[in-house]
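# Secondary and tertiary structure notes
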Amino acid sequence: MLVMKFGGTSVGKPERMKKIANLVTSTPGKKIVVLSALSGTTNALVSIGDNLTAGRAAKAEEEIVALEKHYHAFIKDLYESEAFHAIGQEIVSRYFILIRLLAAGQFDVKSYRELLAQGELISTELFYQHLQERKISSRLLPALHFMSIDENEEPELEKISQRLKPLVTSLTNIDIIITQGYICRNHRNEIDNLKRGGSDYTASLVGAAIRADEIQIWTDIDGMHNNDPRIVKKTVPISELTFDEASELAYFGAKILHPSTIVPAQKYNVPVRLKNTMDEKAPGTIITSKGTEGTFKAVAVKDGITAIKIKSSRMLMAYGFLRRVFEVFENYKTPIDMITTSEIAVGLTIDNDANLSSIENELKKFGSIEVDKDQAIICIVGNKIVDQKGVLEKVFASLKEIPVSMVSSGGSANNVSVLIDKQYKEKALNALNEGLFGLK
Ligand code: ASP
Ligand code: MG
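Here's what I pulled together on the structure shown here. (Residues numbered from 1 in each chain as written. Chains lettered and ligands numbered in written order. Predicted model: local features only at pLDDT ≥ 70, side-chain atom pairs only at ≥ 80, totals over all residues. Heavy atoms only, no water.)

We now examine the sheet that holds strand 8 (residues 240-242). As summarised here, the arrangement of the 8 strands in space is 3-4-2-1-7-9-10-8, forming an open sheet in which the pairing is mixed. Strands with a single pairing partner mark the edges of an open sheet, and in this sheet they are strand 3 (139-140) and strand 8. (Pairing = 2+ DSSP bridges. Helix = DSSP H or I, 4+ residues; strand = E, 2+ residues; numbered from the N terminus.)

Below you can see the structure in the form of structure tokens.
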């Protein structure tokens, strides 16, 4: 069985939605189709929710009117017959009545999350009816019946699997099962979500839950690229990656995948294939447990990084020092990205500086503190590159014009990370593109 996930741009125009209907029907075998909301919808719902939270009801209503108009135009082009236009009208009206009911009530975080869920609910229903109109047999399987997160907002993969497997098996003669990305129930059984961009995560959870043969993530670019196409002119798609390489890249700014996507797929060794809806023939990127070793695959950048250096003579020969330092970050629920140590100092980076001043105050107990904001981590990824000769030499030769303030290598065999000031980000990515990949 396959999982095929289509993102917002792949369903964002009526002709694209028709195109993915063709793609799904021409792909042999049974599949679960995971859809995002139409592009722009979740952003619009966030804005409506923010306005309602701030008490700007009139502004929210203006945005609801605009969004509703967009959907009415959408269904006009999606459906052919009178009968299905009427069905489309009924769907859109029903969702917008619900949206207005939510807006009119006590608008709390619970209503906000319910509001955010409407995007995926409506896109899947519109798609299902499109298949109905074309007499293509399919079923709509509500994600809220099987997708759940626990009190720490972690997906409950085993429970999801226990619920989903029998549901899928019961649909014996159905090849196309449609469900919503992004949305789920939380431990209070309320409607919740897997955070922005979470439809990829849904696809991976579904794929892992049913032990699919493959999880396909269809987007609007031809796979993962060796460098950031927003910053570097010439980039190339990567044909194959290991799960570990892909996780590093997804976390470090490669916007194509939600950072947690790889985890469930890797757990049950389900390959993930990234494909392009605009260019179906392009090979895309395949992510599996095995891959070419020892070559540079990609570089990625993450900015908005704050570096903190703690210098303390008490660290000299002391044990337990790092634990006490880490505890400060733990108390403020602040993840640490990169870390380097010397005998009397420790340097680390964070990307969430919401509690920076409190953290700084507590760290002062240990010694002198130095904080640098606006830093960027450049992450150089390649399966087992760290075991290769000359890897660091190549990296630093490429970066010779750029001051590097921290280096981390050997933490995993697949990644070398360097910290630079954000102002050098473009220069560094271009230099690595040329030095490591010969691309100019
Ligand atoms: N619609 C959600 C978002 O825009 C989830 C997704 O598309 O992955 O964040
Ligand atoms: Mg996405």
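Having seen the structure, we can now continue with the description.
Let us look at the site of ligand 1. Around ligand 1, the neighbouring residues are Ser 36, Thr 42, Glu 120, Tyr 182, Arg 196, Gly 197, Gly 198 and Ser 199. At 3.4 Å, a backbone N or O of Gly 198 approaches an oxygen atom of ligand 1. Starting from 260 Å² of accessible surface for ligand 1 in isolation, the protein chains cover 85%. (Near = heavy atom within 4 Å. Polar contact = N/O pair within 3.5 Å; in protein donor to acceptor, adjacent residues only side chain to side chain. Areas by Shrake-Rupley, 256 points an atom, 1.4 Å probe, with all protein chains shown as cover.)

Approximately 270 Å³ is the volume found for the second largest pocket. Around the second largest pocket, the lining is made up of 14 residues, and of these Glu 153, Lys 195, Tyr 201, His 258 and Ser 260 lie nearest the centre. In the lining of the second largest pocket, the residues fall into 6 nonpolar, 4 polar and 4 charged. (1 Å grid on protein atoms, 1.4 Å probe; cavity = no way out; pocket = protein on both sides within 12 Å on 5 of 7 lines; lining within 4 Å. Points joined across faces, edges and corners; volume = space filled by probe spheres on them. Nonpolar A, V, L, I, M, F, W, Y, C, P; charged D, E, K, R; others polar.)

Orientation of helix 3 (residues 41-53) relative to helix 6 (residues 109-133), taken along the N-to-C sense of each, is 160 degrees, at an axis distance of 9 Å. Between helix 3 and helix 6, the interaxial angle falls into the category roughly antiparallel. Considering the relative orientation of helix 3 and helix 6, their crossing is right-handed. Listed contacts from helix 6 to Thr 41, Thr 42, Leu 45, Val 46, Ile 48, Gly 49, Asp 50 and Thr 53 of helix 3 are Tyr 112, Leu 115, Leu 116, Gly 119 and Glu 120. (Axes fitted to C-alpha atoms, helices over the stretch in contact; angles between N-to-C directions. Parallel < 35°, antiparallel > 145°, perpendicular 65-115°, else oblique. Left-handed = near helix turned anticlockwise from the far one by under 90°. Contact = heavy atoms within 4.5 Å.)

As for its position among the elements, Gly 55 is in the loop between helix 3 and helix 4 (57-78). Spatially, the C-alpha atom of Gly 55 lies 45 Å from that of Ser 417, the residues being 362 residues apart in sequence.

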